[in-house]
Structures are given as C-alpha cells and as structure tokens.
Amino acid sequence: MAGKEKKESGLWEYSPAPESASIGKIAPKYGLFIDGKFIAPAKGRYFPSINPATEAKLSMIAEADAADVDKAVKAARKAFGSWSRLSASERGKYLYRIARMIQERAREFAVIETLDGGKPIRESRDIDIPLAAAHFFYYAGWADKLEYAFPNRKPKPIGVAGQIIPWNFPLLMAAWKIAPALAAGNTVVLKPAETTSLTALKLAELFSDCGLPPGVVNIVTGAGATGAALVNHKGIDKIAFTGSTDVGKIIQKAIAGTTKKSTLELGGKAANIIFEDATIDQAVEGIVNGIYFNQGHVCCAGSRLFVQESIHEEVVRKLKHRIKSLRVGDPMDKNTDVGAINSKAQLETIQKYVRLGKEEGAEIFQPSCNLPDKGFWCPPTLFTNVSQSHTIAREEIFGPVLAIQTFRTEAEVIAKANNTPFGLSAGVWTDKGSKIFNLTSKLRAGVVWANTYNKFDPVSPFGGYKESGFGREGGLHGILPYVQF
Amino acid sequence: MTQRKISGIPATSPRIDQVGVEERCARFTSRSIKSTTKMQGLHMVLSMIDLTTLEGADTEGKIRQMCYKASHPHESIKGLPATAAVCVYPTMVGVAKKALQGTGVNVASVSTAFPSGQGPTEVKLADTKLALDFGADEIDMVISRGRFLQGEEQFVYDEIAMIKELCGKKARLKVILETGELGTLDRVRRASDIAIAAGADFIKTSTGKISPAATMPVTLVMLEAIRDHYFSTGEMVGMKPAGGISSAKSALHYLVMVKETLGEEWLNKDWFRFGASRLANDVIMQIAKQTTGNYQSGDYFSKD
C-alpha cells in the first residue's frame, strides 16, 4: 500500500505461468516470399531476428535488395491481372479463409509474436491476433459489396500496393494493410519491420496453405534499404506506410512528382485529458492502459496526461499505486502486464528521453521491480512537474513513459492538447456528456476516445492529422485508398 | 483491533463508470493462478470463510454440525485451517458459541431484522443486543435500503452508528448493503462511504437472500471505497462479499482483486471474508486434487 511505503513482497506472489514456447514453430532460416514460394535473396544475405526478452537468436531472415524487390513487384504485377478480374465473391472467400485460418493458428501466432517482439502474451493472445483475424473477416465482407460502398462510382482496384509496416503490432498491421488491399482487388508487396518479420512470414505460410494464388501477396524482409527500394520502384501504384514521422517525410519526398498514391500513419503524442468530474478510478485504469499497453510502443499512446488541478494529487497518487501492481518481466508469462522493449536501439531512445526529462527538471517516478538480467527492459515510468516545453512533452518517446501536466479550464487544455505537431489520437475523461462533445469537436486528432482508451475495431477508421499522417485505415474509409473510380 | 473512528457523511461520493469497472474485473479473472500460489490461495480462502446457515429450518443439531465443520474442515487432509467464523441467526448464537469454545472460530450473528431490515430501529437494537448477550463476536447488520433509496442518508447513517455503539469493543460490525437492491454502482459506492463513515469495521455486499448477490464489479467498487478511506485516513476497513461465490476458482479471482486493489495487508481473515456455504467444500476438493492429483466425488466430503 502506498501510504506505508511497504514493498509488495512474498505474501502472495503469483507463481510463474509461462505459455509454452514450443507451440511457435520457427524455422532456422526464412527466405523471401515471392510468387507463392520462399526463395533465397539474390545476394544471399541474412540477418538475425532475436527475442528481445532474452537476446537469444530466433531465426535468420533474408535481406532483400533492389533486385529482390523488383522480382516481388513483378510477381505482384503478373498476379494483378487475374486477381483483379476474379469475381468479387471469390476474392471474399479467400479473405474469409485467411481469417478463419488465423483463428485456427491463433495460439501459434500469439506465441511467435511475443517471442519475436517482446509484448506480453496476454496482449498478443487477447488483442493482436484476434483483431488481425477480425480485420480479415471485416474486409472479406466488403469484397463483393464495393459497388454499394461507393454507389454509382464503379470502384476499380489501383494495382500493386507497396506496404511497409512497423514493429509494434507486426501481424495486426499486416492485416490492416493486406485485408483492404486484397478485398478491393489489388495485389501486395509487404515489407515487415526488420526486428519483427516472423509473424508476417508465418502469414505467408498460411497464404500458401489456404491456396491464395501466387504473387497476390509477396513479402520482402529487410531494413530501411529494402523499404527504400520498394518505395522507389516504378511498378508500385500505391504506398501504404505506418511508422515514424521522419521516415514518412522521406517517403513523401521520394514519391513527389510520381503518380504513386500514398497513405501514411505516423507518430503521435496524444493528450489524455482527465477532468475533475471524471470517474477517477476508471480513468486511472484507462490512463494506465493508454500509456503502458504494449510497453508504450503504440503510435496512439496517451503519452501526455492533462489532469485538472483540483484532482492532480489524487490522480497521481492512484496512478503510482496502480503501476506498482503492474508486473514487468517475461513476456511469455501469462501474468505479465509490461513486457520487453522491442530492441536495444529503442531502449536507448527511451533511456535518452528519461534522462532528458530528469535534466529538464521534471520529477520521475518508477516503481521498484526486479528486471531480468538479459533482454531490454524499462519499468513503467511517469513524470510530474512537466511543462509544455519539455522535450518529453513534445517528442514521441514510443515507450512506457507518461508526462503529466495540469490545467484549470477547458479552453486552456484544448489549446495545450492541440499545441503539438502531431494529431493522431486523444482521450477525454468526464462524466458530463456536453463536455465530451465540446472537446471532441475541438481536439485536432484523428481518433478521440471518451471515457476509454486504445479501443480498436475493424469497423472504426483510424488515422491522423498534421505530422501524424493522412489517410484512414479500418472501416469503409480504409478501402478508399485502394480503389480508383 | 483498534476501534474505528466515526466521521460525518461525506458530502459527495466519487462517480462510477460501470463499463470501466467490468473491464477491470475481466483483467482480474485473466490472471493465471498456478502451483504454490494456487495452494496458498486455497488455504487462504478457506481461512476467510464465514460458514453460513440462515434458514428458517435451522436446528440446533445442524448448527452444531456446521460448527464442527468450521473448526475441522476435512479431517483426512492435514494442515487445513479452520474457517474464520460461522454465521447464524441471533437465536442460534448460544449453541454455536458453546460448540466452538476454544477453537478460535468466531461466531457472527446477523441482526437488525435480517434480511429485509424492515423493522423499527428499537427492534433492530434489541435484536443486536440479544445476539451480543448470547456472545456473538461479530454482528452482520443490514442497512435500511428503502430509506437509503428515498434519499434519507442520515437515517441510514444513524442506524449504523447506533448499532456500532452497541457493539462497542465486544464485537466487530459488518454492514450489509444488499447491493442487489441498490440498482447502480454509483449507489453501491455511496452506501459504502456512508457505512464506512458511520463506523463499519467491514462492509458486506449481500444477505444471500436475493439475486444478484456478490459480484466482482460490486466488490471492486466497495474495495475502492475502502482504499480511498485508507488513503485519506490511514484506517483499514474490512470487506466481505457474500452469496453467489461457490467455486474455488472464482474465490481466487476475488483474492487477486483484493491484492491488486488494496494490497496484501488485506489478505487475511481480519480484513477479508467470504460469506458462503458451498464454497468451503469446493476449496477442500481443489486442495485434495492439488495434493493427490485426482478429483474425488462430492460424496467424499461432508456436506453440513
């Protein structure tokens, strides 16, 4: 209990409850998935993929260069002809089949996602994988109803989509991108993030098993250079990118002057706003879920908390009390709430911001927890006494670090919340409906949650304003970038 | 046990969002409780049970049997704790007291025109006095739900305070809110705050006579009221969900909830109880299963 400063110890600790790692069948080496087959990369280069919780090597992943990307794009182009002419209901059937097979293999996908990315098995099992299947189910339903989605406009597919996805929700982001593209009759070349390629490659195996025609989806693995080769390839009709704002800007520059369409879902620095009339205990829970979910590796994470001054002390006390009960450690343990940081590089970035926060005068709080010796870890962290001009309140940290500020009036908090180059998401906590409507209409963010946070559903469009990008994924809006009229 | 301080009714109580509460409860049930944690938890649950019989048909013989069960839950498994208390009607307190002499098991008596609470205050006081005279260690009173729902909070508060005064140092007071009749979690929170302010040593969900009885969302809201009181005064109040918890598995989920909401100081019979009759046998069955590796038929466990 916070008041007594007593460390939670020994009395009734949860015994380890590890999920079995052997459920995830990982090959020692993966090639590139091009034209329905796994093939070796042209230059024969491979790089390791490690488990960030143990630093042990999981597999060797092929590194695709421009020649490999060219091969993949050509395969996608060749497949586009027959795939786009396939009757829409047949395309829908493939998508339904993919969705069902993801459900059948959900446990294996969850285990591999957790081994490869470091997120708690509870999250990959309960959120990532079920949502990935849900996206395929949802867009499968649209495949033969596009005429009704865009009445009298005769929607046609665009062609070959180059899709680049991040490492925070590897399979889910693949599903967000692949499902609407295929439903609308496009073919795909997808590049997963270099630290988390495995579930995308398992998805490739699933595509083979379900008989998806060769070339409809191709997966090229590698780092930035592979992504650049994909973006710059002349045979690509559309780029869909989720990742950092910096890379988003590079992509914008690269495709300027071409006919390539694009959607970008970039960084965020969301304001989570809690008013004095909020249901405080539930709001505290939502704040915790908003920033510590997936170790804070969430572009829409509620990383800036604005607390009305009259409840500041109470909220901070309850937050501290709550994060003391979060369990940090082995992501494979079913009782783990906060897993491993995805990579060493990301951990260093987070540590840099934590250091800056302290140097610039904010007050840090971290619960004491026993972190494993190996692997990359950051305890849930919060900063009080934060100013709007502090670096930790301005830049995206992409880690479990919360910056807390106070406010007095609605006008003040709206101004502060919008005073950021980003505009992806926001949260509002109040028991008063009129206040919710006032704020949701004035906050410049693509998604605004009221009295909840980090809720995702395939039906609901997701995307940003300003430097958080443009275009929407999910819902009917999510098909729009993949059709032309 | 220090005496609870009494304060006035708080001006307002925090609002509760039911959706958020249910989500939090779902997280408690997804905790995986295995091996030593499970065994330790099962023993803890058994030691926190108020073994209860509150029937018109109760006989002295039945009470004596239940008292034996409370102090010797299952002879063939060594090292089982006794239950915390037995819970009976005031007229049975004398019998139970005698049967439990020297066992360390407390006798709790329901009172105040249990279960409806539909009686004049004088009758409620007399009812309680009778139970105390028979030697009850704990009093489980019901609040006047009708008066509470009419907005007469002061009346409810005064009744609790009067019963509390009567209990004095002789008995600890549990205040039953009968949450199944309160309708909303906002009212559950309000009633909790009133009961705590009036001096309740424990707040308790239900009589067990109506449905729904104890649920996880209701219990969480009450635990949060206890935690907020602790934060502002440093004073601990106990919690007793009662009715409807019949499986060991769900009892373990309640322990998870207590641990993560209040902390481990509350994980003992001084601060947390289960009001239940069937739960004890399921807990014993699970302990037997953990020990021997096999589930045994219900016929191997005494039902009394």
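Residues numbered from 1 in each chain as written. Chains lettered and ligands numbered in written order. Predicted model: local features only at pLDDT ≥ 70, side-chain atom pairs only at ≥ 80, totals over all residues. Heavy atoms only, no water.

## Description of the overall build of chain B
Part 1: Within chain B one finds eleven helices and eight strands.
Part 2: Judged by the C-alpha coordinates and their principal axes, chain B covers about 55 × 45 × 35 Å.
Part 3: Every one of the 304 residues in chain B was classed for burial, and the buried ones make up 58%.
Part 4: Of all intrachain contacts in chain B linking residues separated by at least 6 positions in sequence, the fraction that spans at least 24 positions is 77%.
Part 5: Looking at chain B as shown, the accessible area adds up to about 11,800 Å², and 52% of this sits on carbon and sulfur atoms.
Part 6: Looking at charge distribution, chain B has the averaged site of its 37 positive side-chain charges lying 5 Å from that of its 34 negative ones. (Helix = DSSP H or I, 4+ residues; strand = E, 2+ residues; numbered from the N terminus. Buried < 20%, exposed > 50% of the residue type's maximum accessible area, 1.4 Å probe, protein only. Contact = heavy atoms within 4.5 Å. Areas by Shrake-Rupley, 256 points an atom, 1.4 Å probe, with all protein chains shown as cover. Lys, Arg positive; Asp, Glu negative; His and termini not counted. Charge placed at Lys NZ, Arg CZ, Asp CG, Glu CD.)

## Things to note about the overall build of chain A
Part 1: Scanning chain A from N- to C-terminus turns up 15 helices and 20 strands.
Part 2: Taking 23 Å as the expected radius of gyration for a compact globule of 485 residues, we find that chain A reaches 22 Å, a close match to that expectation.
Part 3: Along the longest, intermediate and shortest principal axes, the C-alpha atoms of chain A span 65 × 50 × 35 Å.
Part 4: Taken over 485 residues, chain A has a buried fraction of 61%.
Part 5: Partitioning the intrachain contacts of chain A with sequence separation of at least 6 by distance along the chain shows that 75% fall at a separation of at least 24. (Rg over C-alpha atoms; globule rule 2.2 N^0.38 Å.)

## Some remarks on the environment of A:G290
Part 1: Relative to the helices and strands, A:G290 is located in helix α10 (residues 280-292).
Part 2: Not counting residues within four places of it along the chain, the set of residues in contact with A:G290 comprises A:A301, A:G302, A:Y453 and A:N454.

## Here's the deal with the nonpolar core
Part 1: A:I178, A:L212, A:I274 and A:L319 are the most contacted members of the largest nonpolar core, which totals 103 residues.
Part 2: Here this core spans two domains, since at least three of its residues come from each of domain 1 (18-266 + 468-484) and domain 2 (271-456) of chain A.
Part 3: Contact partners of A:L212, with chain neighbours within four places excluded, come to A:W83, A:Y94, A:I98, A:L182, A:F207 and A:V217.
Part 4: Judged by nonpolar contacts, the second largest core, of 93 residues, contains B:I33, B:A70, B:V188 and B:I284. (Core = buried A, V, L, I, M, F, W, Y, C linked by side-chain atoms within 4.5 Å. Domains from an automatic or database assignment.)

## Section: the sheet that holds strand β1 (residues 29-30) of chain A
Residues and elements named next belong to chain A.
Part 1: Spatial ordering of the open sheet is given by β1-β5-β4, a layout of three strands whose pairing is mixed. Bordering the open sheet on either side are β1 and β4 (46-50), each of which pairs with just one other strand.
Part 2: One ladder, built from five bridges, connects β4 with strand β5 (residues 57-62); its direction is antiparallel. When the bridges of β5 are listed, Y46 appears paired with A62. (Pairing = 2+ DSSP bridges.)

## A few points about the domain arrangement of chain A
Residues and elements named next belong to chain A.
Part 1: Domain parsing of chain A yields domain 1 (18-266 + 468-484) and domain 2 (271-456).
Part 2: Here domain 1 and domain 2 have C-alpha centroids that lie 30 Å from each other.
Part 3: Contacts between domain 1 and domain 2 engage 33 residues on the former and 29 residues on the latter.
Part 4: Here domain 1 packs against domain 2, burying approximately 2,600 Å² in sum over the two surfaces, 60% of which is carbon and sulfur.
Part 5: Among the elements of the structure, α3 (106-117) and α4 (121-142) are those that each provide at least two residues to the side of domain 1 that touches domain 2.
Part 6: In terms of residue count, α4 provides more of the side of domain 1 that touches domain 2 than any other element does, six residues in total. (Buried area = accessible area lost by both parts, 1.4 Å probe.)

## Side note on the pattern of salt bridges
Part 1: Considering all chains together, one arrives at 55 salt bridges over all chains under this definition.
Part 2: The salt bridge partner of A:K416 is A:E412, with a shortest N-O separation of 3.2 Å. In this pair, A:K416 and A:E412 are both assigned in helix α14 (residues 410-418), four residues apart and thus about one turn of the helix distant.
Part 3: Between B:R189 and B:D228 there is a salt bridge, and its shortest N-O distance comes to 2.9 Å. With B:R189 in helix α8 (residues 185-197) and B:D228 in helix α9 (residues 216-233), the pair connects residues that are 39 residues apart, well separated along the chain.
Part 4: Overall, the relative accessible area of 14% leaves B:D228 in the buried class.
Part 5: One network of salt bridges, in which partners are shared, links A:D281, A:E314, A:K318, B:R189, B:D193, B:R227 and B:D228. (Salt bridge = Lys/Arg side-chain N within 4 Å of Asp/Glu carboxyl O.)

## A few points about the sheet that holds strand β14 (residues 363-365) of chain A
All names here are of chain A.
Part 1: If you walk across this open sheet you meet the seven strands as β14-β15-β16-β13-β12-β17-β18, and the pairing is mixed. Of all the strands in the sheet, just β14 and β18 (447-450) have a single pairing partner and so form its edges. The mean angle between the axes of side-by-side strands here comes to 20°, regardless of whether they run parallel or antiparallel.
Part 2: Of the strands in this sheet, β14, β15 (381-384) and β16 (401-407) are in contact with helix α12 (residues 344-359), which crosses β15 at around 25°. (Axes fitted to C-alpha atoms, helices over the stretch in contact; angles between N-to-C directions.)

## Some points on the packing of helix α2 (residues 88-104) of chain A against α4(A)
All names here are of chain A.
Part 1: Where α2 contacts α4, the two axes come as close as 8 Å, and the packing angle between them is 165°. Taken together, the axis directions place α2 and α4 in an arrangement best described as roughly antiparallel. You can see that α2 and α4 cross each other, and the crossing is left-handed. Between α2, through G92, L95, Y96, I98, A99, R100, I102 and Q103, and α4, the contact on the second element is made entirely by I129, A133, F136, F137, Y139, A140 and G141.
Part 2: Residues that form the contact of α2 with α4 fall into these classes: eleven nonpolar, three polar and one charged. (Parallel < 35°, antiparallel > 145°, perpendicular 65-115°, else oblique. Left-handed = near helix turned anticlockwise from the far one by under 90°. Nonpolar A, V, L, I, M, F, W, Y, C, P; charged D, E, K, R; others polar.)

## Remarks on helix α7 (residues 153-167) of chain B
Residues and elements named next belong to chain B.
Part 1: Here α7 contains 15 residues, and its C-alpha end-to-end distance of 21 Å stays within 8% of the 21 Å for a straight helix at 1.5 Å per residue.
Part 2: Listing the buried residues of α7 in full gives V156, Y157, E159, I160, A161, I163, K164 and C167.
Part 3: Here the buried face of α7 lies against α5 (121-133), β4 (138-142), α6 (145-149), β5 (172-176) and α8. (Expected span 1.5 Å × (residues − 1).)

## With respect to the interface of chain B and chain A
Part 1: Of the residues lining the interface, 37 residues belong to chain B; the matching set on chain A comes to 30 residues.
Part 2: Surface buried jointly by chain B and chain A totals about 3,200 Å² across both partners, of which 47% is contributed by carbon and sulfur atoms.
Part 3: For the interface between chain B and chain A, the tally reads eight salt bridges.
Part 4: In this structure, B:D228 engages A:K318 in a salt bridge whose closest nitrogen and oxygen atoms are separated by 2.8 Å.
Part 5: On the surface where chain B and chain A come into contact, there are 21 residue pairs in polar contact (both at pLDDT 80 or more).
Part 6: Listing elements by their share of the side of chain B that touches chain A, those giving two or more residues are α1 (18-29), α2 (35-47), α9 and α10 (248-261) of chain B.
Part 7: Taken together, the residues that form the side of chain B that touches chain A break down as twelve nonpolar, ten polar and 15 charged. (Polar contact = N/O pair within 3.5 Å; in protein donor to acceptor, adjacent residues only side chain to side chain.)

## A short note on the packing of aromatic side chains
Each aromatic ring pair is summarised here by two numbers: the centre-to-centre distance and the angle between the ring planes.
Part 1: Summed over the entire model, instances satisfying the criterion amount to 19 aromatic pairs over all chains.
Part 2: Taking 5.3 Å as the distance between ring centres and 85° as the angle between the ring planes, the aromatic pair formed by A:F275 and A:F407 counts as edge-to-face. Highlighted residues: A:F275 in the loop between β12 (271-274) and α10 and A:F407 in strand β16, separated in sequence by 132 residues.
Part 3: Ring geometry for B:F272 against B:F274: centres 5.2 Å apart, planes inclined by 90°, an arrangement best described as edge-to-face. Of the two residues, B:F272 and B:F274, neither departs from the other in class, the shared state being buried.
Part 4: Chaining the aromatic ring pairs together yields one cluster made of A:W176, A:W449, A:Y453, A:F456 and A:F462.
Part 5: The lysine or arginine in question, A:R153, covers the ring of A:F485, its NZ or CZ lying 3.9 Å from the ring centre.
Part 6: Sitting over the ring of A:Y14, B:K259 keeps its end group 5.0 Å from the ring centre. (Phe/Tyr/Trp six-rings, centres within 6.5 Å; stacked < 30°, edge-to-face > 60°. Lys NZ or Arg CZ within 6 Å of the ring centre and 35° of its normal.)

## Remarks on the state of the cysteines
Part 1: Within the structure shown, the criterion is met by zero disulfides over all chains.
Part 2: Take A:C378: it sits in no disulfide, and the sulfur closest to it among the cysteines is that of A:C369, at 9.0 Å. (Disulfide = S-S within 2.5 Å.)

## Considerations on the packing of α3(A) against helix α7 (residues 198-209) of chain A
Residues and elements named next belong to chain A.
Part 1: For the pair α3 and α7, the least separation of the axes is 9 Å and the interaxial angle reads 155°. In terms of orientation, α3 lies roughly antiparallel with respect to α7. In this structure, α3 contributes E108, F109, I112, E113 and D116 to the contact, and α7 contributes L198, T199, K202, L203 and L206.
Part 2: Of the residues belonging to the contact of α3 with α7, the class tally is five nonpolar, one polar and four charged.

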